[in-house]
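Each chain, letter by letter, is given below.
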Amino acid sequence: MSNNSISAAAASVAATASLNQAAPERGRTQWSTRLAFILAATGSAVGLGNIWKFPYITGENGGGAFVLLYLGCIALIGIPLLMAEIMIGRRGKQSPPDAMKALAIEAGVSPRWQIVGWVGVITGFVLLSFYLVVAGWAVAYIFNAGGGAFAGASSDEIGGLFGSLVGDPLASTLWGSLVLAITATIVIKGVKLGLERAVTIMMPGLLLILLILVGYSMTTGQFAHGFEFMFSPDFSKLTGTSVLVALGHAFFSLSLAGGGMMTYGSYLPKQVSLGRTVLTIGLLDTLVALIAGLAIFPIVFANGLEPGAGPGLIFVTLPLAFGQMPFGQLVGVLFFIMLSFAALTSAISLLEPAVSWLTEKRGFSRLKAGLLTSAGIWLLSLGSVFSFNIWEEHKLYGKTFFDVLDYLTSGWIMPLSGLAMAVFTGWIMTKAATRDELGEGLGHRVWHFLIRYIVPVGILLIFLNAIGVL
Ligand code: PHE
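Residues numbered from 1 in each chain as written. Predicted model: local features only at pLDDT ≥ 70, side-chain atom pairs only at ≥ 80, totals over all residues. Heavy atoms only, no water.

A. Fine view of empty space enclosed by the protein. In total, this model carries five cavities of 30 Å³ or more according to the counting rule given. Here the largest cavity is characterised by a volume of approximately 140 Å³. Lining the largest cavity are 17 residues, and of these Ser44, Leu127, Phe252, Ser255 and Leu350 lie nearest its centre. For the lining of the largest cavity, the elements supplying multiple residues, two or more each, are α2 (34-45), α3 (48-60), α6 (114-146), α11 (242-253) and α15 (328-361). Broken down by class, the residue content of the lining of the largest cavity amounts to eight nonpolar, nine polar and no charged. (1 Å grid on protein atoms, 1.4 Å probe; cavity = no way out; pocket = protein on both sides within 12 Å on 5 of 7 lines; lining within 4 Å. Points joined across faces, edges and corners; volume = space filled by probe spheres on them. Helix = DSSP H or I, 4+ residues; strand = E, 2+ residues; numbered from the N terminus. Nonpolar A, V, L, I, M, F, W, Y, C, P; charged D, E, K, R; others polar.)

B. Spatial organisation of the packing of aromatic side chains. All told, the structure shown has 33 aromatic pairs when counted by the stated rule. A centroid spacing of 4.9 Å and a plane angle of 50 degrees characterise the contact between phenylalanine 227 and phenylalanine 231, whose relative ring orientation is tilted. One end of the pair, phenylalanine 227, and the other, phenylalanine 231, are both in helix α10 (residues 223-231), four residues apart, so they sit about a helical turn from each other. Above the plane of the ring of phenylalanine 252 lies lysine 53, whose end atom (NZ or CZ) is 4.1 Å from the centre. Taking the ring centre of phenylalanine 364 as reference, the NZ or CZ of lysine 368 above it sits at 4.4 Å. (Phe/Tyr/Trp six-rings, centres within 6.5 Å; stacked < 30°, edge-to-face > 60°. Lys NZ or Arg CZ within 6 Å of the ring centre and 35° of its normal.)

C. Molecular detail of unusual backbone geometry. The backbone of phenylalanine 327 sits at a positive phi, close to 60 degrees, despite the residue not being glycine. Take phenylalanine 327: it is sitting in the loop between α14 (313-324) and α15.

D. Here's a closer look at the packing of α3 against helix α4 (residues 64-92). Where α3 meets α4, the axes come as close as 8 Å, and the angle between the chain directions of the two elements is 130 degrees. As summarised for this structure, α3 and α4 are arranged oblique, according to the angle between their axes. Seen along the crossing, α3 lies across α4 with a hand that is right-handed. Within the contact between the two elements, α3 uses Phe54, Ile57 and Thr58 and α4 uses Phe66, Val67 and Tyr70. (Axes fitted to C-alpha atoms, helices over the stretch in contact; angles between N-to-C directions. Parallel < 35°, antiparallel > 145°, perpendicular 65-115°, else oblique. Left-handed = near helix turned anticlockwise from the far one by under 90°. Contact = heavy atoms within 4.5 Å.)

E. Region of interest: the site of the ligand. Of all residues adjacent to the ligand, which total 14 residues, the nearest are Ala45, Gly49, Tyr131, Phe252 and Ser255. A distance of 2.7 Å separates a nitrogen atom of the ligand from a polar atom in the backbone of phenylalanine 252. Taking 330 Å² as the accessible area of the ligand by itself, protein coverage stands at 100%. When atoms are counted within 2 Å of each cavity's grid points, the one that captures over half of the ligand is the largest cavity. Of all the secondary structure elements, the ones that give two or more residues to the shell around the ligand are α2, α3, α6, α11 and α15. (Near = heavy atom within 4 Å. Polar contact = N/O pair within 3.5 Å; in protein donor to acceptor, adjacent residues only side chain to side chain. Areas by Shrake-Rupley, 256 points an atom, 1.4 Å probe, with all protein chains shown as cover. Sits in = over half its atoms within 2 Å of the grid points.)

F. Representation of the layout of surface pockets in the model. For the largest pocket, the calculated volume is near 660 Å³. Lining the largest pocket are 28 residues, with Tyr56, Glu60, Lys399, Asp403 and Asp406 positioned closest to its centre. Every element with two or more residues in the lining of the largest pocket is listed here: α3, α7 (155-166), α11 and α17 (401-428). Here the element with the most residues in the lining of the largest pocket is α17; it accounts for six residues.

G. Expanded view of the packing of α3 against α6. Orientation of α3 relative to α6, taken along the N-to-C sense of each, is 90 degrees, at an axis distance of 12 Å. In terms of orientation, α3 and α6 fall into the roughly perpendicular class. Residues Leu48, Gly49 and Trp52 of α3 form the contact with α6, whose own contacting residues are Tyr131, Val134 and Ala135. Its residues placed into classes, the contact of α3 with α6 shows five nonpolar, one polar and no charged.

H. Structural view of the nonpolar core. Judged by nonpolar contacts, the single largest core of 151 residues is most densely connected at Leu81, Leu213, Phe315, Phe335 and Phe336. A total of 17 residues in this core trace back to one element, the largest contributor, which is α6. Apart from residues lying up to four places away in sequence, leucine 213 is in contact with Ala295, Leu318, Ala321, Phe322, Met325 and Phe335. (Core = buried A, V, L, I, M, F, W, Y, C linked by side-chain atoms within 4.5 Å. Buried < 20%, exposed > 50% of the residue type's maximum accessible area, 1.4 Å probe, protein only.)

I. Representation of the side chain of threonine 263 in the model. Residue placement: threonine 263 occurs in helix α12 (residues 260-266). Once residues within four sequence positions are removed from consideration, threonine 263 is found in contact with Pro96, Glu352, Pro353 and Ser356.

J. Here's a closer look at a nonpolar patch on the surface. Together, Val457, Leu461, Leu464, Ile467, Val469 and Leu470 make up a nonpolar patch on the protein surface, roughly 560 Å² of accessible area in all. Looking at the secondary structure, you find leucine 470 in the segment after α19 (442-466). (Patch = residues over 30% accessible without salt bridge, like charges linked within 9 Å, V, L, I, M, F, W, Y side chains within 5 Å. Salt bridge = Lys/Arg side-chain N within 4 Å of Asp/Glu carboxyl O.)

K. Expanded view of α4. Here α4 spans 40 Å end to end across 29 residues, near enough to the 42 Å set by a 1.5 Å rise per residue. Of all 29 residues in α4, 23 are buried, a share of seventy percent or more. At the C-terminal side of α4, lysine 93 shows a positive phi close to 55 degrees. (Expected span 1.5 Å × (residues − 1).)

L. Representation of the confidence of the model for the protein chain in the model. The pLDDT averaged across the protein chain works out to 90; a share of 93% of its residues lies at or above 70. Across residues 1-26, confidence stays below pLDDT 50; counting only partners more than four residues off in sequence or on other chains, it has 30 contacts. (pLDDT = per-residue confidence, 0-100.)

M. Representation of the pattern of salt bridges. Summed over the entire model, instances satisfying the criterion amount to nine salt bridges. A salt bridge links arginine 91 to glutamate 106, with the nearest nitrogen and oxygen atoms 2.8 Å apart. Of this pair, arginine 91 sits in helix α4 while glutamate 106 sits in helix α5 (residues 96-107), and the two are 15 residues apart along the sequence. Judged by relative accessible area, glutamate 106 falls into the partly exposed class, the value being 32%. Salt bridges sharing partners connect three or more residues here, namely Arg90, Arg91, Glu106, Lys270, Asp436 and Glu437.

Right, dumping it as structure tokens:
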């Protein structure tokens, strides 16, 4: 692997130039090394999805059987699609809609395929609107932890603390706005700046604290119970939509179909091997989620809490651990700082696609593009803030505004774009083109088989199951 970014850039400009005339400008940003890309992509993948969402949906869907479904979705659908998405970005070398369009033209099909890119950009926008609300809670908890609010507190007191944060529309809005402002500032300055360093320091730190928490969980006397809950499958505990939720979460957690991975792929030099890179990202992402679950469920059982408590699960269980363990105040502050960083590196990848499109196609400055998109996202985020307070009772089919956005994006829109990307890369792009990107050999053959048959059929079957046909 060459670290020479100049030759990398030259190689990719040459590759781009041969792709088609609509190919973009020279001098497009590039990751300086393979590691920079791995870090950015891992930063995008690892976030609230792993630590906040995975445990709470595992709790809501009965544990082990759901975890097994999730792992199956990651291995058979998520990882092949992650390769496909990054590959589209790298070969197209533009923002998602234009990358899709360029490849469609290359393959001799309708440029309308760019809709898939559009859906990615819009999904990123919508996801960020509720993501930043939860990230705001994580930031607020840095201060709760630092102020000693958890020390010796009972589960009721900690539940009350969470309730008063999310129940206060102003506080939630302010914390969320802070997250958005930081995200937008970094995106406006250019994603490469600082991202690499933030991920290098924060990611190992986060893993370390999660392991410390697992250590604490082992002292609660309920570790075996938590372990069994996560890993002993009982299929009777699955609910009607569990399979769809597992699939949707594989997308959410790997940052698939949100435009971010395609955009990051477009900054990736040609000679980096995609197969190994994507496997590394997928493994790390899964590992973090499983460790988070192992830290949380024993605490849930030791304190007589409800595994299916919903989005507040980590904000109620982990503070209990911090309140009881030695140096809990310090560990708690560090944990929420790192969680906030993990959320931030994901949020950046949710904003970048829209900004990259506006700057490339509309000629906006990054500042103008960043401000405009942030304003829209901020407005939409109010709906999610209000879902936990003044709009709590306004429900559609039993779901709040926040739940609806989450369900529509993760449950339907992202898997649908995944289906389209699988059809596009498996059936429309030529084998020569995908081989050119992914390399020859067994790896490519396995990928090609999965993306052609297993991914589309798997997604279709899960959809049929969700609408009750299967
Ligand atoms: N993968 C991120 C997480 O788990 C969320 C995300 C989804 C980021 C889609 C980008 C695109 O927190």
